[in-house]
Amino acid sequence: MTRLRRAVWLALAMATAPVLGQAADCREESFDGAGYILCEVDMQAEDLRLFLKDEEGENLGSFGRVNAMLEREGAVLDFAMNAGMYHSDRRPVGLYVENGQQQAGLVTREGPGNFGLLPNGVLCVREGRADVIETLVFDAEAPDCRHATQSGPMLVIDGTLHPRFLVDSDSVYVRNGVGTSADGTRAIFAISQGPVNFHSFGRLFRDHLGLPQALYFDGNISRLYAPALGRSDIGFAMGPIIGTVQRVPPAE
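All values reported here derive from a predicted model rather than from experimental measurement. (Residues numbered from 1 in each chain as written. Predicted model: local features only at pLDDT ≥ 70, side-chain atom pairs only at ≥ 80, totals over all residues. Heavy atoms only, no water.)

> Which parts of the structure should I look at to understand the pattern of salt bridges?
Side-chain pairs of opposite charge can arise where the charged atoms are in close proximity. Going through the model one piece at a time under the given rule, you end up with 17 salt bridges. With its nearest N and O atoms 3.4 Å apart, the salt bridge here joins E73 to R247. On the criterion of sequence distance, the pair formed by E73 in the loop between α2 (63-71) and β4 (75-82) and R247 in strand β17 (residues 241-247) is long-range, its members being 174 residues apart. Overall, E73 belongs to the partly exposed group, its relative accessible area being 34%. One salt bridge in this structure joins D131 and R129, with 2.7 Å as the shortest N-O distance. Since its relative accessible area comes to 8%, D131 is described here as buried. (Salt bridge = Lys/Arg side-chain N within 4 Å of Asp/Glu carboxyl O. Helix = DSSP H or I, 4+ residues; strand = E, 2+ residues; numbered from the N terminus. Buried < 20%, exposed > 50% of the residue type's maximum accessible area, 1.4 Å probe, protein only.)

Shown next as C-alpha cells:
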C-alpha cells in the first residue's frame, strides 16, 4: 500500500468505522482562570500504550507515524500526547519501558532542568491499572510495568504539591502531564490551553481533579492528539508518546 493510500485508508477508518473498546473521555474544562483539555482513561477498559520506535527501529516522533504503524495491526490512536523528556536524538532521559522491554534505565540522582527537580517520578502501566510513583519509591518497590516512562518533577506527591513550586512564579508555559487515582483505575492526562506555572498546574490535579499523585511531562513541546476535539498538534519530532489504542474491525 502506498503512503497516500495508507493515509486515505486511515482517515476513512477513523471517520466511518466503528471501533472496538471504550474510548478515552476527552473534554475541555476550566480551573482557577485557566483552560485545560483533559483525557480520562479507564484502565480496566482501555488499551494504554507507550510508543518510541517503529518495527525497523526508527523513531516515530509524531502522532501520524504512530497511527501509520498501528494501521498495520488494524488499529488507530484514540488519544495521545508526548510522554516525558528526551535527549536531542529522542532517547528518553530516564526510565523507559515499552511492551515489557526496558530501553532506558531509572535515574535517581538530582540534576539540571525540570527532570532533575526532585522528587520526580514514573508513570507505570500494568494490567488494569496505571500509577504515578515517586522515583525512589519506584526504585525500592521495583513494580513490573508493561509500559513505563520517567519524567519530572512530580506535580503531586501523596496529595501534596511539589515543595519547590511557587504560587507567584513567572515561569509559565503550555504544560502537560498525568495524574492517577489511588486505586490505579483512572489516569487523567491534561494539557493547558495557555501558559501556566507549576503551582497552578499541580493544583489542577490535586484540587480540581482530586488525584493524589501527578507527574509533569513537559512544558516546551507539549502536544495533544484528540480527534474527537479536533486536535492533532504538529511540530518537531518528539520522543516518547503515550496514547490509547482502539481496534478497527475489518471491512466486510
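Here the narrative resumes, following the displayed structure.
> When you look at the sheet that holds strand β5 (residues 96-98) in this model, what are you seeing that I'm missing?
The sheet built from 5 strands is open, its strands ordered β6-β5-β9-β7-β8 with antiparallel pairing. The two strands at the open ends of the sheet, each matched to only one other strand, are β6 (101-104) and β8 (129-134). On average, each strand axis in the sheet is tilted by 20° relative to the strand beside it, whichever way the strands run. As paired elements, strand β7 (residues 121-126) and β8 share 6 bridges and run antiparallel to each other. Each bridged residue has a counterpart across the sheet, and for V125 the counterpart in β8 is A130. (Pairing = 2+ DSSP bridges. Axes fitted to C-alpha atoms, helices over the stretch in contact; angles between N-to-C directions.)

> For this particular structure, what's the right way to read the state of the cysteines?
Joining two cysteines, a disulfide is a covalent bond between their sulfur atoms. Taken as a whole and judged by the stated rule, the model has 2 disulfides. Covalent S-S linkage joins C26 and C39, the inter-sulfur distance amounting to 2.1 Å. Around the S-S axis, the bridge from C26 to C39 shows a dihedral of about 115° and counts as right-handed. With C26 in strand β1 (residues 25-31) and C39 in strand β2 (residues 34-42), this residue pair connects regions lying 13 residues apart in the sequence. Linked covalently through their sulfurs, C124 and C145 form a disulfide whose S-S length is 2.1 Å. Between C124 and C145, the disulfide has an S-S torsion of -110° and is therefore left-handed. Note that C124 is positioned in strand β7 and C145 in the loop between α3 (135-141) and β9 (147-151), a separation of 21 residues in sequence. By relative accessible area, which is 0% here, C124 ends up buried. Of the residues examined, C145 reaches a relative accessible area of 7% and is grouped as buried. Sequence-ordered numbering of the bonded cysteines in the protein gives a disulfide pattern of 1-2, 3-4. (Disulfide = S-S within 2.5 Å.)

> Please clarify how the pairing of strand β13 (residues 186-192) should be interpreted in this entry.
Side chains on a regular strand alternate between the two faces of the sheet. Counting buried positions along β13 gives 6 out of 7 residues, so the element sits mostly inside the fold. Direction of pairing for β2 relative to β13: antiparallel, over a ladder of 7 bridges. Bridging from a neighbouring strand, Y36 pairs with S192 of β13. Summarising the sheet, strand β12 (residues 176-180) and β13 pair through 5 bridges and their orientation is antiparallel. Bridge pairing in β13 places N176 opposite I191.

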